[in-house]
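# Fold and contact review
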Amino acid sequence: AALINQLEDERAHSEGAERQLDALRALLSDRESSMRECQTENSRYQKELLDTKQAYEEAIVELTKRSEVLQLRCEHAEEQVTSLRKLLIEQNSDRKSLSETIQLYEKKIADLNKQVQDEHVCRRQAEEEIRSLKKLLNEENESQSQAKSEINDLTVNLEEKDQSYLAAVDEARTLKIENANLLLELEKLSDEVAALRAKLEAEEKQRMIFENEVLRFKKLGLENSEYVEGKKLPLKPQMSKEPSSFRNAVGLNRSISGQRATIAKICEEVGLEKILKLLSSEDTEVQMHALKVVANLAAEDVNQEKIVNEGGLDALLMLLRTSQNSTILRVASGAIANLAMNETNQGLIMSKGGAQLLADTASKTDDSQTLRMVAGAIANLCGNGRLHVALKQGGAIKALLGMARFANADVIAQVARGLANFAKCETREVIQGHKTGHSLLMEDGAFAWLIVNSKTTSDSTRRHIELALCHLAQNDENAQDFINSGGLKEVVRISSESAREDIRSLAKKTLRSSPMFQAHIHADR
């Protein structure tokens, strides 16, 4: 009876578990309906779904435990039935009643086994439903993530469009302001254009006046460039005791004096500023005649300062930089050579890159007259000791030696004059203690050129070379180079063979003042 009661209790428990499982199914159905109706309430839906999942999992665990307990109880009941069956057989008591009891127990056991199997099936179904719920939950999470991503993208796009709109508004406001400013500027420009037109008409009239003046220059015979191109510029007074051949090549006769007076008069009437403007004229002929007038004016010391102050030097240097016309290059170089006789102008010419421009001009022409003018200008610059380093760095010394290769007597004379000026100024600074070391002319082949050409047939060239060698020999730092290169022999020869007494005296003084020269001369004897 106790066993039957126990089985009844187990059956009641099993039925309770089945009812609980039905309740869970109903709850799950209700939850699913609630989820469909409350999709918008996403956060609550997820919480309920997780709670449902947890409840299902707990119920399945509980049912699994109960099923295992029932299984154990059934096995125990079977063992008891087997024991009772043996006991009944052994006691040979009411077999029919026992058989019925056994059948009853067997039926109950079969029912319990069926219930256990049904619970297993229900558990598997519950697990399948839980897996479906998990899948649904994952899909919902993915859908929410995608929705969040789309919302973020929309937010970013909205911010970008908002910024673009603000930028467009600012740009429109700026454009309105600029438009107003442009309208004001347009009105101002219209006034300026009218003023410029009036000024242009006045300048056109002035140009006609200039052209008439140029015609007057032609009628006066100023187009003949003999005076401008053939004029030899003097050395500075301290460079030589006698007039240079650069001045003696053409005498200043009465005709030239008359031309100077006429040019001065025209310059006074027309104005130097207007003549200088003609140097930038697009008409080459007008430009050339204006350039010849400026070159003639530059030959007079009284005009040089005014020419420089009015921008004449800048205009001449610009012609060297830009013009390809050989006549313009020749006359412009001659005008710069005239201006280079003034020490102040020399500094200005160097500061504006004049040495480099003169060197470049020498490299792009083979016209002997142009080269003579360029060499004369560089020679005048060589008479300023403060410019020596810049002249060498600017390529002026190399340019001088390069021009000497053309073997034109006048050009070579100017090259020799430049080297003589350079050597005299440099030696004076060495003697006064302002400079030490080798002479700059000992480099770049200048010293070798002087030695090779010291016996030239041209009197003026030979005189300049002899002076240059004597001055270089006065620098004790150059003594060893003189001995090694044969320069000392040339100085000894000059001391006895020079055609000029002052140069012979200078050579003898130089030889006597150098202990190294004296020792070498005595050793040779």
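Up top is the structure.
Owing to the predicted nature of the structure, the values given are computational and were not obtained by experimental measurement.

Looking now at the overall build of the protein chain. Along the backbone of the protein chain there are 23 helices and zero strands. Looking at the protein chain residue by residue over its 525 residues, the buried ones come to 41%. Sequence separation of at least 24 residues holds for 73% of the intrachain contacts in the protein chain that already meet a minimum separation of 6. Summing over all exposed atoms, the protein chain offers an accessible surface of approximately 29,700 Å²; the carbon and sulfur share of this is 50%.

The phi dihedral of A407 is positive, around 60 degrees, even though this residue is not glycine. Mapped onto the secondary structure, A407 falls in the loop between α16 (396-404) and α17 (409-431). Positive phi, normally seen in glycine, also occurs at D444, with a value near 60 degrees. Looking at the secondary structure, you find D444 in the loop between α17 and α18 (446-452).

Core analysis: the biggest nonpolar cluster contains 88 residues, and I378, M403, W449 and F482 have the highest contact counts within it. Contact partners of I378, with chain neighbours within four places excluded, come to L358, A396, A399, L400 and M403. Membership of the second largest hydrophobic core comes to 10 residues, among which are Y56, A59, I60 and L137.

For the pair α17 and helix α19 (residues 459-473), interaxial distance at closest approach is 8 Å and the crossing angle is 20 degrees. Between α17 and α19, the angle falls in the class roughly parallel. Pair α17 / α19 crosses with left-handed handedness. On α19, the residues that touch A409, I412, A413, A416, R417, L419, A420, A423, K424, E426 and T427 of α17 are S460, T461, H464, I465, A468, H471 and L472. Here the residues of the contact of α17 with α19 are counted per class, giving 10 nonpolar, five polar and three charged.

The α-helix winds at 3.6 residues per turn, so residues separated by three or four positions along the chain end up facing the same way. Between its first and last C-alpha atoms α19 spans 21 Å; for 15 residues at 1.5 Å apiece the expected length is 21 Å, and the two agree. Across the 15 residues that make up α19, a large majority, 14, are buried.

Attention now moves to the packing of helix α10 (residues 312-322) against helix α11 (residues 326-339). The contact between α10 and α11 brings their axes to 9 Å, and the two run at 140 degrees. Taken as a pair, α10 and α11 cross one another with a handedness that is left-handed. Contacts between α10 and α11 involve L313, L316, L317, L319 and L320 on the former and, on the latter, I328, L329, A332, S333, A335, I336 and L339. Counted by class, the contact of α10 with α11 contains 11 nonpolar, one polar and no charged residues.

Further remarks concern α10. Regarding α10, the residues found buried are G312, L313, L316, L317, L319 and L320. Down the axis of α10, the buried set is contained in an arc of 150 degrees. They therefore lie on one face. Of the surrounding secondary structure, the elements contacted by the buried residues of α10 are α7 (272-277), α8 (284-298), α9 (301-309), α11, α12 (343-351) and α13 (354-363).

Within the secondary structure layout, R500 lies in the loop between α21 (487-497) and α22 (501-513). For the pair R500 and E466, spaced 34 residues apart in sequence, the C-alpha to C-alpha distance is 9.8 Å. Engagement of the side chain of R500 in a polar contact is seen with the side chain of D502, the distance being 3.1 Å.

What counts, and where the lines are drawn
Residues numbered from 1 in each chain as written. Predicted model: local features only at pLDDT ≥ 70, side-chain atom pairs only at ≥ 80, totals over all residues. Heavy atoms only, no water. Helix = DSSP H or I, 4+ residues; strand = E, 2+ residues; numbered from the N terminus. Buried < 20%, exposed > 50% of the residue type's maximum accessible area, 1.4 Å probe, protein only. Contact = heavy atoms within 4.5 Å. Areas by Shrake-Rupley, 256 points an atom, 1.4 Å probe, with all protein chains shown as cover. Core = buried A, V, L, I, M, F, W, Y, C linked by side-chain atoms within 4.5 Å. Axes fitted to C-alpha atoms, helices over the stretch in contact; angles between N-to-C directions. Parallel < 35°, antiparallel > 145°, perpendicular 65-115°, else oblique. Left-handed = near helix turned anticlockwise from the far one by under 90°. Nonpolar A, V, L, I, M, F, W, Y, C, P; charged D, E, K, R; others polar. Expected span 1.5 Å × (residues − 1). Arc of directions from axis to C-beta. Polar contact = N/O pair within 3.5 Å; in protein donor to acceptor, adjacent residues only side chain to side chain.

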